[in-house]
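Given next are the chains, with one letter for each unit.
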Amino acid sequence: MVKERLIVIGGDAAGMSAASQAKRRRPDLDIVVFERGPHTSFSACGIPYYIGQVVDEEEKLIIRTPEKFRERDGIDARILHEVEEIDTAGRKLLVRDLKNGRSAWEAYDQLLIATGAIPLRPDLSGVDAVDIYGVSTLENGLDIRKRIDSGGIKKAIIVGGGYIGLEMAEALVMNGLDVSLISRPAQVMATVDEDMGALVSQAVQDIGVTLYLDETLTAFETTGGKVTGVVTDKRTLPADIVILGLGVRPNTSLAAAAGIPLGEKGSIRVNDRMATGIAGIWAAGDCAESFHLVSRKPFYVALGTVANRHGRVAGINLGGGYATFPGVVGTAVTKICNVEIARTGLQEKELRKLGIEWVSAVIKSRTKAGYYPGAGEITVKVLAERGSGRLLGGQIVGAEGSAKRIDTLATALHAGFTMEEMINLDLGYAPPFSPVWDPVVTAAREVAKKL
């Protein structure tokens, strides 16, 4: 009897999560994973901490090797294999073995596309010079750390003030480099409101990073094929190494060429079971669309947490079960040395675009009881819908112990809480952990007053 065959394109978070779920539910399923890189299931989120030498060994970032998937799970994970074409009518893929350069057609019964996202790379003079790096794969992280360890690097320029840019700023400072960061917006961390972004900008400067805000990258200076400087619309900065942190876009050119419908920001359109518009084809992870539970609209976000949840739902369905992915609220956290940053829900510019009227409040408090040793400052911003009082979003910047408080707000968003319900939450209290009124609840009280 011929086994049903599931092929997965992409061997990281979403792809391997789905493959594992499907195999557990249907051990008889023949599962093949094609991954064009040399690793499966690595932690991309851990790359800045490996570069900053917080994580000392690259092996710690590899969650499971292809050998482990084959031996323990019975999943045929093939690294260094790139899918070149999808034939949806014939249910087959053209796959190139990157080690020998040969291509062959592979048949499938079910197909999961988990091709991830591609880092944005500006089409500018000198962008392909030596010592200009993106930070999207484990290979990127290994190359950057190897280059820093080899010596001769003093001045580092980061282009982009998002999560990767900020985390890499910390990593490079920890390596003793002179670090500058260029941001086209007038603040770093554009996913928080301007008032909260100003706090993040200050935190970046406090660790010794020079900020060049409201500046546009125009070119790279090179000598002998190596980068020597970064040119903006206002100045030229010398550079020994350049890190690009300009964000990502969904890697969907393969799907688009096959006629698979696309959605928000060019991501693959899926239903709540992670199925595409073509029978037998599914999508999950950074290449796939999500649904925002607050705006009630399609939404694209590239986060490991979302990718893993996408993969779990797709895998359950591929394994014969039934699961749905209800959506996301856009929760994310990061830190700059001792300053933690968190956000969830919608921010002001998104609310303005949606035509939603809101009320907000910003409060400053302490992470612990004020008299308890080690209490640090925390700033919390909460946004609620005018009239109904429905929670719309929240942002937090503060000392250690601040960021994970965003989970209270994220949970409340999933539940559709109002400010009155937020105020009455029975949260834990003891002096080592919080003031009597948790800062999140204090912010909710201030918004409730305005309502």
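Everything below is about the structure shown above.
This is a predicted model, so every value here is computed, not measured.

K.L.:
Quick question: what am I supposed to make of the pairing of strand β2 (residues 30–35) here?
P.N.:
Remark: a regular strand shows side chains that alternate across the two faces of the sheet. Burial analysis of β2 places five of its six residues in the buried class, which makes it a mostly covered element. In terms of strand pairing, strand β1 (residues 5–9) meets β2 through five bridges, oriented parallel. Within the sheet, the bridge partner assigned to Val-8 lies in β2 and is Val-33. Once you follow β1 into helix α1 (residues 13–25) and on to β2, the crossover reads as right-handed. Across four bridges, the pairing between β2 and strand β3 (residues 76–79) is parallel. If you follow Glu-35 over to β3, its bridge partner there is Ile-79.

K.L.:
Just checking my understanding: could you explain the packing of aromatic side chains for this structure?
P.N.:
Each aromatic ring pair is specified by the distance between its two centres and by the angle formed by the two planes. Enumeration over the complete set of coordinates arrives at zero aromatic pairs. Note that Lys-92 overlies the ring of Trp-105, its terminal NZ or CZ placed 4.8 Å from the centroid. Positioned above the aromatic ring of Tyr-50 is the side chain of Arg-145, whose terminal nitrogen or guanidinium carbon lies 4.3 Å from the ring centre.

K.L.:
Please clarify how a nonpolar patch on the surface should be interpreted in this entry.
P.N.:
Judged by side-chain polarity, Tyr-371, Tyr-372, Tyr-429, Val-436 and Trp-437 come together as a nonpolar surface patch covering roughly 580 Å² of accessible area. Turning to its location among the elements, Tyr-372 is positioned in the loop between β23 (358–366) and β24 (377–385). We classify Tyr-372 as partly exposed; its relative accessible area is 32%.

K.L.:
Even after reading the chapter, I still don't get the nonpolar core, so can you show me in this structure?
P.N.:
As a rule of thumb, soluble globular proteins bury nonpolar side chains together. Grouped together as the largest cluster of nonpolar side chains are 51 residues, with contacts concentrated most on Ile-86, Leu-93, Leu-111, Leu-112 and Ile-113. No other element matches the six residues that helix α8 (residues 304–318) contributes to this core. For Leu-93, the contacting residues outside a window of four places in its chain are Ile-7, Ile-9, Phe-34, Val-83, Glu-85, Ile-86, Ala-104, Trp-105, Glu-106, Tyr-108 and Leu-111.

K.L.:
Help me understand the packing of α1 against α8, please; the structure alone is not making it clear to me.
P.N.:
Helix packing for two helices is described by the angle between their axes and how far apart those axes are. Interhelical geometry of α1 versus α8 gives an angle of 30 degrees and a closest axis separation of 7 Å. Between α1 and α8, the crossing angle belongs to the class labelled roughly parallel. Regarding α1 and α8, the two cross each other, and that crossing is right-handed. Where α1 abuts α8, its residues Ala-13, Ala-14, Ser-17, Ala-18, Gln-21, Ala-22 and Arg-25 lie against Ala-307, Asn-308, Gly-311, Arg-312, Ala-314, Gly-315, Ile-316 and Leu-318.

K.L.:
Would you mind going over the sheet that holds strand β12 (residues 210–213) with me for this structure?
P.N.:
Hydrogen bonds between backbone atoms are what pair the strands of a sheet, whose relative direction is either parallel or antiparallel. Here five strands make up an open sheet; going across it, the order is β9-β16-β10-β11-β12 and the pairing parallel. Strand pairing shows two members of the sheet lacking a second neighbour, β9 (132–133) and β12, which therefore form its edges. Bridge count for strand β10 (residues 155–159) against strand β16 (residues 241–244) is four bridges, and the pairing is parallel. Paired with Ile-158 across the two strands is Ile-243, which belongs to β16.

K.L.:
Looking at this structure, how should I read the sheet that holds strand β22 (residues 339–345)?
P.N.:
One open sheet accounts for five strands, arranged β21-β22-β25-β24-β23; its pairing is antiparallel. Two strands in the sheet have a free side with no partner beyond their single neighbour: β21 (332–336) and β23. Mean inter-strand twist for the sheet, computed between neighbouring axes without regard to direction, equals 15 degrees. The sheet strands contacting helix α10 (residues 406–415) are β21, β22, β24 and β25 (391–398), and the helix crosses β25 at an angle near 175 degrees.

K.L.:
Could you clarify how one ought to interpret the side chain of Gln-187 in this entry?
P.N.:
Its place among the elements puts Gln-187 in the loop between β11 (178–183) and α6 (194–206). Judged by relative accessible area, which is 11%, Gln-187 ranks as buried. A polar side-chain atom of Gln-187 sits 2.9 Å from the main-chain carbonyl oxygen of Met-189. Beyond its immediate stretch of four places on either side in the chain, Gln-187 contacts Val-192, Asp-193, Glu-194, Gly-197, Ser-201 and Leu-213.

K.L.:
Hey, could you run me through the environment of Gly-224 in this one?
P.N.:
Mapped onto the elements of the fold, Gly-224 is located in the loop between β13 (217–223) and β14 (226–232). Residue class for Gly-224 comes out exposed when judged on its relative accessible area of 87%. When the C-alpha positions of Gly-224 and Pro-439 are compared, they lie 54 Å apart, and in sequence the two are 215 residues distant.

K.L.:
Sorry, what's going on with the environment of Val-83 here?
P.N.:
Inspection of the secondary structure assignment puts Val-83 in strand β4 (residues 81–87). A residue is classified by how much of its surface remains accessible, and Val-83, at 9% relative accessible area, is buried. Once the C-alpha coordinates of Val-83 and Ile-363 are considered, the two residues, 280 residues apart in sequence, prove to be 51 Å apart. In contact with Val-83, other than residues within four places in its own chain, are Ile-9, Phe-34, Leu-93, Leu-94, Val-95 and Leu-254.

Cut-offs applied
Residues numbered from 1 in each chain as written. Predicted model: local features only at pLDDT ≥ 70, side-chain atom pairs only at ≥ 80, totals over all residues. Heavy atoms only, no water. Buried < 20%, exposed > 50% of the residue type's maximum accessible area, 1.4 Å probe, protein only. Helix = DSSP H or I, 4+ residues; strand = E, 2+ residues; numbered from the N terminus. Pairing = 2+ DSSP bridges. Right-handed = clockwise from strand over helix to strand, strands pointing away. Phe/Tyr/Trp six-rings, centres within 6.5 Å; stacked < 30°, edge-to-face > 60°. Lys NZ or Arg CZ within 6 Å of the ring centre and 35° of its normal. Patch = residues over 30% accessible without salt bridge, like charges linked within 9 Å, V, L, I, M, F, W, Y side chains within 5 Å. Areas by Shrake-Rupley, 256 points an atom, 1.4 Å probe, with all protein chains shown as cover. Salt bridge = Lys/Arg side-chain N within 4 Å of Asp/Glu carboxyl O. Core = buried A, V, L, I, M, F, W, Y, C linked by side-chain atoms within 4.5 Å. Contact = heavy atoms within 4.5 Å. Axes fitted to C-alpha atoms, helices over the stretch in contact; angles between N-to-C directions. Parallel < 35°, antiparallel > 145°, perpendicular 65-115°, else oblique. Left-handed = near helix turned anticlockwise from the far one by under 90°. Polar contact = N/O pair within 3.5 Å; in protein donor to acceptor, adjacent residues only side chain to side chain.

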